[in-house]
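# Geometric and topological summary
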Amino acid sequence: MASHTQLEIPEKLTARRTGGKLRKEIVKHKYLYLLLAPLVIYYIVFSYVPMYGILLAFKEFDYSKGILGSPWNDFANFTAVFNNPDFWTATRNTVLISLGRLIIEFPIPIVLALLLNEISKGKLTRIFQTVFTFPHFISWVVLSGIIIGIFSDQGLYNQILVLFGADKSSVLTNGPGFTIVLFISNIWKEAGWSCILYLAAIAGINPEMYEAAAVDGANRFQQMRKITWPVLKSTAAVLFILAVGNVMNGGFDQIFNLYNSAVYQYADILDTFVYRSAFTDATGFGFSTTVGLLKSIINFALLFGANYIVTKVGKEEGL
Amino acid sequence: MKKSKQAKMLVAVMLVLTTVFAGCSSNDNNSSSSPSNDASGSASGESGSKHLELDVSMMGIQDGFDAPGAENDVIFNDMEKKFNVTLKPVQLTWNDYMEKTKVWAASGQLPDIFPNVIAVDNKALYSSWATQGIIKPLPDDLSKYPTIERIMNLPSVTPLKVNDKYYMVPRMTYDDASDWVLDRSILYRKDWASEAGYTSDPNSFEEFVAMIKAVQKLHPGTVGIALQNKSYIDTQFLGSFPEMSNNQSWVKEDGKWIPSYTSKRVVEGLQQLRTLYNDGLLDKDFAIQKEGDGFTKFLNGQAFISYGGALNSAANTDTFKKANPGVNLTDAVGIMNIWPAADGNRYTYVVTPYWSEIYFNNMMSDEEFDRALQLVDFMASEEYSALYKNGILDVDYKIENGKAVSLLTADESLAQKYPITNTINTLAQWHGAFYKAGKTVVNANPDVAAWEAVDQATFKKFKAEDKPAPLNFDIMLMSTPAKNKLAITTLQDDEINTIIGKEDVSSMWTKAVKSYESKGLKEAIDEVNKRAEEMGL
């Protein structure tokens with residue numbers, strides 16, 4: 001009956017009532033909204049208004065006419081992008097490298113957090129935490145120099161190979177070798193930092209639960225499985241969704257500083273491809289914008305897909 | 001009352017959005033301002049007739065204006081007075097010079113005068129800016145600007161006309177395309193070569209290989225050939241296919257113009273490089289090194305040969321001295337003359353005598369444009385080179401036995417005395433011709449001075465003995481739609497992959513060239529040949 005009455009209310013009236021409610025709400029908390037205003041304006045001005053630049057993907061940019069005045073070009077930029085084999089190589093590499101990051105790199109901080117939690121508390125934990133976290137603060141510019149030095153012809157890696165009677169190997173000009181270095185160096189740099197969130201979640205667990213479990217005869221592994229993991233699970237789910245949101249990024253800083261022309265076939269991701277095509281271009285703004293737009297669309301679909309799956313599988317988890 | 005508040009709010013929001021859009025969009029005046037055909041005509045008055053302000057953007061220009069003592073830069077102040085202008089610096093940096101300029105162009109905020117690398121490197125953009133009215137065309141009659149007129153009549157410049165007009169002035173490095181004699185220099189330790197029994201330049205690739213092997217035997221653990229940067233790998237082609245030493249060149253084969261890199265003649269040079277790499281004579285790290293790393297190895301006594309690199313700075317000569325104690329630089333280092341190609345000639349590298357250009361905002365008035373051209377004409381002249389390189393005659397230097405000799409004390413330098421000139425001096429040219437002609441003041445650092453003497457003498461020797469690589473600028477600089485879009489950005493990568501690869505060199509290169517077809521190679525060749533036929537080339 002109630003729903004029947006509600007249906008009879010004209011649409012305009014409902015809108016007016018909702019609008020009135022909103023106005024009342026704003027007036028009531030006007031100072032809070034005033035505090036929020038600069039942030040909202042900031043986002044509108046610097047994040048939403050410039051989005052009209054996406055139009056460049058559909059236009060033949062004319063410098064004298066600007067973005068809005070330039071003529072439409074019947075998806076010519078999309079045709080150029082799709083016909084460029086380097087774009088497909090970069091897309092393939094982006095997906096593969098990012099999947100590798102999800103499968104290989106994503107679980108490492110979780111394992112690290114669980115292990116750090118298992119070693120006895122005190123100075124040792126802190127030392128380990130510092131050791132693992134420290135590399136995060138070294139920039140890729142510096143780190144790439146160190147890595148290139150290690151794997152150069154006269155570098156440490158080849159010196160060791162020679163010491164054991166093996167032939168020298170040029171790891172960084174060899175596609176598969178480069179990919180392994182890519183993953184290992186990123187784990188070394190970021191795993192410690194990423195595990196902080198998991199450690200924070202673990203710190204929130206009531207120690208009495210472990211004590212009770214111990215009294216019930218649960219060993220350390222069973223405690224980890226039945227107490228620690230369920231708490232970590234939701235944090236991991238959220239971080240997983242965020243990681244999927246980053247799938248198409250693939251780690252520009254690391255790859256740009258570390259790669260070389262011999263491994264473009266394996267390591268050129270969409271971001272590095274856009275960067276290079278934007279700077280060496282005969283392609284113009286439209287080409288780079290189109291690649292960026294395509295990247296965002298795929299990313300958007302992946303993000304919502306991952307969130308959907310996580311909410312379906314783990315009910316209360318997800319964003 | 002409420003409605004009026006709402007209206008005010010709406011107006012405020014619209015104002016904010018309009019401001020933002022206006023800032024992001026281009027200036028419509030720009031599109032409507034048609035290029036002037038006769039700037040000189042309207043600027044008939046003397047340069048001092050009316051004081052003008054001109055915006056000038058250059059990399060690091062602000063640093064000069066901010067430097068201590070900038071206001072006392074007599075050379076700069078005299079120049080402003082001479083042309084009755086005030087130059088306003090607009091800062092650019094190495095890493096944003098291209099995209100910042102593009103954004104300025106898109107938003108109608110280009111400075112009045114700005115150098116950039118467009119006409120040769122990005123013909124599509126140059127042509128767009130010219131036809132879209134972004135940059136100003138030069139007047140037809142350039143007799144009022146004699147230096148500019150001389151430059152614009154060079155054969156390496158004339159192909160840059162768009163619709164029969166020039167839209168830039170090249171920033172000359174040298175007076176002529178053939179002056180890049182030492183730009184792909186092969187620096188080598190002639191003392192090491194001499195130790196190994198090689199006292200003259202190699203006469204063939206085989207002799208070159210034998211020389212490196214002999215030196216490496218005496219200096220185990222050293223690199224044979226190091227590279228200043230990856231692009232210097234093309235130096236190798238000077239001894240087999242000289243046109244390919246400049247990989248933007250085109251050659252005529254079987255009656256058809258094709259890009260040099262598609263020629264079968266490329267394979268010989270690539271095969272030589274593969275041999276050098278496989279035999280451990282070419283630096284194994286060349287593909288992963290950053291710019292300058294290879295040359296540093298040479299300076300540090302870790303490499304026998306360096307393709308590229310320069311010793312004309314105190315920093316480099318000092319590095320060499322520290323790493324090689326007791327070794328005299330000019331006794332130890334020489335510049336190798338490349339071995340003869342199949343036709344018996346030794347060739348030198350060739351490119352346009354400029355590699356960047358100076359542009360003018362199309363929104364400038366004709367009077368401003370005239371003044372800007374007068375300024376550029378002066379800064380491109382030898383008179384200005386002398387001022388920048390040597391300072392003021394009888395104040396900073398004197399002429400003694402035909403040589404410019406410094407009058408500065410040990411704690412003085414031209415850079416400190418004239419800080420703005422020190423940053424703005426390359427606005428219109430790079431002073432290479434003035435230096436190579438030996439007209440610069442004798443360097444206060446004896447090591448640098450000694451090397452400069454070697455450099456200048458070798459320049460003269462190679463100019464006399466060698467031949468410039470036969471490049472056709474009409475074809476190389478030709479602008480056609482498909483050729484403009486043909487950016488083979490993977491060319492150098494493909495060369496590197498072929499050199500370090502395991503498969504047969506010839507089949508690897510054929511595969512690489514085949515992949516360029518999807519990037520418009522065939523269309524570009526067709527268009528160029530059609531145009532070349534029309535031009536009778």
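Only a predicted model underlies this, so the values are computations on that prediction, with no experimental measurement involved.

### Points about the overall build of chain B
For chain B, the count of helices and strands is 25 helices and 15 strands. Expected size for 537 residues packed as a compact globule is a radius of gyration near 24 Å; at 26 Å, chain B falls within 12% of this value. Evaluated residue by residue, chain B yields a buried proportion of 54% over its 537 residues. A total of about 22,900 Å² of accessible surface is found on chain B, and carbon and sulfur atoms cover 52% of it. Averaging the positions of the 54 positive and the 71 negative side-chain charges in chain B gives two centres separated by 5 Å.

### Observations concerning the domain arrangement of chain B
All names here are of chain B. Per the domain assignment, the segments making up chain B are domain 1 (52–169 + 353–429) and domain 2 (186–348 + 468–535). Each of domain 1 and domain 2 was reduced to a C-alpha centroid, and the two centroids are 32 Å apart. Viewed at the interface, domain 2 and domain 1 are joined by 0 residue pairs in polar contact (both at pLDDT 80 or more).

### Side note on the sheet that holds strand E9 (residues 303–307) of chain B
Residue and element names in this part refer to chain B. Overall, mixed pairing links the 4 strands, which are arranged E6-E9-E5-E10 in an open sheet. Strands with a single pairing partner mark the edges of an open sheet, and in this sheet they are strand E6 (223–227) and strand E10 (333–336). Adjacent strand axes in the sheet meet at a mean angle of 25 degrees when their direction is disregarded. Of the strand pairs in this sheet, strand E5 (residues 186–189) and E10 are connected by 4 bridges, and their pairing is antiparallel. Considered in E10, the bridge of Tyr188 is made with Gly334. Packing of helix H10 (residues 205–218) onto the sheet brings it into contact with E6, E9 and E10, and relative to E9 it is tilted by some 140 degrees.

### Some thoughts on the side chain of Glu80 of chain B
All names here are of chain B. Tracing the sequence through the fold places Glu80 in helix H5 (residues 74–83). Despite being buried, Glu80 has no salt bridge partner; Lys81 is the closest side chain of opposite charge, sitting 8.9 Å away. A polar side-chain atom of Glu80 sits 2.8 Å from the main-chain amide nitrogen of Leu87. When residues no more than four places from it in sequence are discounted, the contact partners of Glu80 are Val85, Thr86 and Leu87.

### Observations concerning the environment of Asn443 of chain B
Residues and elements named next belong to chain B. Its location among the elements puts Asn443 in the loop between helix H19 (432–436) and helix H20 (446–465). For Asn443, a relative accessible area of 29% translates into the label partly exposed. Along the backbone, Asn443 and Pro481 are 38 residues apart, and their C-alpha atoms lie at a distance of 48 Å. Sequence-distant contacts of Asn443, defined by excluding residues within four places in its chain, comprise Val448, Ala449 and Glu452. Polar contacts involving the side chain of Asn443 include one to the main-chain amide nitrogen of Asn445, which spans 2.9 Å.

### Brief notes about the packing of aromatic side chains
Taken as a whole and judged by the stated rule, the model has 37 aromatic pairs over all chains. For the pair Phe106 of chain A and Phe240 of chain A, a centre-to-centre distance of 5.5 Å together with 70 degrees between the ring planes defines the contact as edge-to-face. Placement of the pair is Phe106 of chain A in the loop between helix H6 (85–105) and helix H7 (107–118) and Phe240 of chain A in helix H13 (residues 220–245), with a sequence separation of 134 residues. Residue Phe106 of chain A is classed as buried on the basis of its relative accessible area of 17%. With centroids separated by 5.9 Å and ring planes inclined at 80 degrees, the aromatic side chains of Tyr277 of chain B and Phe286 of chain B adopt a geometry described as edge-to-face. For Tyr277 of chain B, a relative accessible area of 8% gives the class buried. Aromatic ring contacts, followed pair by pair, group Phe58, Phe75, Phe78, Phe82, Phe87 and Trp88 of chain A into a single cluster. In this structure, Arg184 of chain B packs its charged tip against the face of Tyr232 of chain B, placed 4.5 Å from the ring centre. Over the ring of Tyr349 of chain B we find Arg184 of chain B; its NZ or CZ atom is 4.1 Å from the centre of that ring.

### Re the confidence of the model for chain B
Residue-level pLDDT values for chain B average 90, and 91% of them are 70 or greater. Note on the complex model: pTM 0.80, ipTM 0.72.

### Quick notes on the pairing of strand E12 (residues 354–360) of chain B
Residues and elements named next belong to chain B. A large share of E12 lies buried, amounting to 6 of its 7 residues. Bridge count between strand E3 (residues 113–116) and E12: 4 bridges; the pairing is antiparallel. Of the residues in E12, the one forming a bridge with Phe114 is Tyr359. Where strand E4 (residues 169–172) and E12 come together, 3 bridges link them in antiparallel fashion. Following the sheet pairing, Met172 is matched in E12 by Tyr354.

### Here we look at the pattern of salt bridges
Oppositely charged side chains are able to pair whenever their charged atoms sit close together. Evaluated as defined, the whole model comprises 31 salt bridges over all chains. Here Lys168 of chain A makes a salt bridge to Asp153 of chain A, at a shortest N to O gap of 3.4 Å. Taken together, the residues span a long stretch of sequence, with Lys168 of chain A in the loop between helix H10 (156–163) and helix H11 (175–203) and Asp153 of chain A in the loop between helix H9 (140–151) and H10 at a distance of 15 residues. On the basis of relative accessible area, Asp153 of chain A is assigned to the buried category, the value being 18%. Bridged by salt links that share partners, the residues Lys50, Glu367 and Arg371 of chain B form one connected network.

### Describing the packing of H5 of chain B against helix H15 (residues 366–379) of chain B
All names here are of chain B. Contact geometry of H5 with H15 gives a least axis separation of 10 Å together with a crossing angle of 140 degrees. Considering their axes alone, H5 and H15 lie oblique with respect to each other. In the packing of H5 onto H15, the handedness of the crossing is right-handed. Contact residues: Met79, Lys82 and Phe83 in H5; Arg371, Gln374, Leu375, Phe378 and Met379 in H15.

### Examining the environment of Lys284 of chain B
Residues and elements named next belong to chain B. Note that Lys284 resides in the loop between helix H11 (266–278) and helix H12 (293–299). Lys284 sits 191 residues away from Ile475 along the chain, and the two C-alpha atoms are 36 Å apart. A polar side-chain atom of Lys284 sits 2.9 Å from the main-chain carbonyl oxygen of Tyr277.

Thresholds applied
- Residues numbered from 1 in each chain as written.
- Chains lettered and ligands numbered in written order.
- Predicted model: local features only at pLDDT ≥ 70, side-chain atom pairs only at ≥ 80, totals over all residues.
- Heavy atoms only, no water.
- Helix = DSSP H or I, 4+ residues; strand = E, 2+ residues; numbered from the N terminus.
- Rg over C-alpha atoms; globule rule 2.2 N^0.38 Å.
- Buried < 20%, exposed > 50% of the residue type's maximum accessible area, 1.4 Å probe, protein only.
- Areas by Shrake-Rupley, 256 points an atom, 1.4 Å probe, with all protein chains shown as cover.
- Lys, Arg positive; Asp, Glu negative; His and termini not counted.
- Charge placed at Lys NZ, Arg CZ, Asp CG, Glu CD.
- Domains from an automatic or database assignment.
- Polar contact = N/O pair within 3.5 Å; in protein donor to acceptor, adjacent residues only side chain to side chain.
- Pairing = 2+ DSSP bridges.
- Axes fitted to C-alpha atoms, helices over the stretch in contact; angles between N-to-C directions.
- Contact = heavy atoms within 4.5 Å.
- Salt bridge = Lys/Arg side-chain N within 4 Å of Asp/Glu carboxyl O.
- Phe/Tyr/Trp six-rings, centres within 6.5 Å; stacked < 30°, edge-to-face > 60°.
- Lys NZ or Arg CZ within 6 Å of the ring centre and 35° of its normal.
- pLDDT = per-residue confidence, 0-100.
- Parallel < 35°, antiparallel > 145°, perpendicular 65-115°, else oblique.
- Left-handed = near helix turned anticlockwise from the far one by under 90°.

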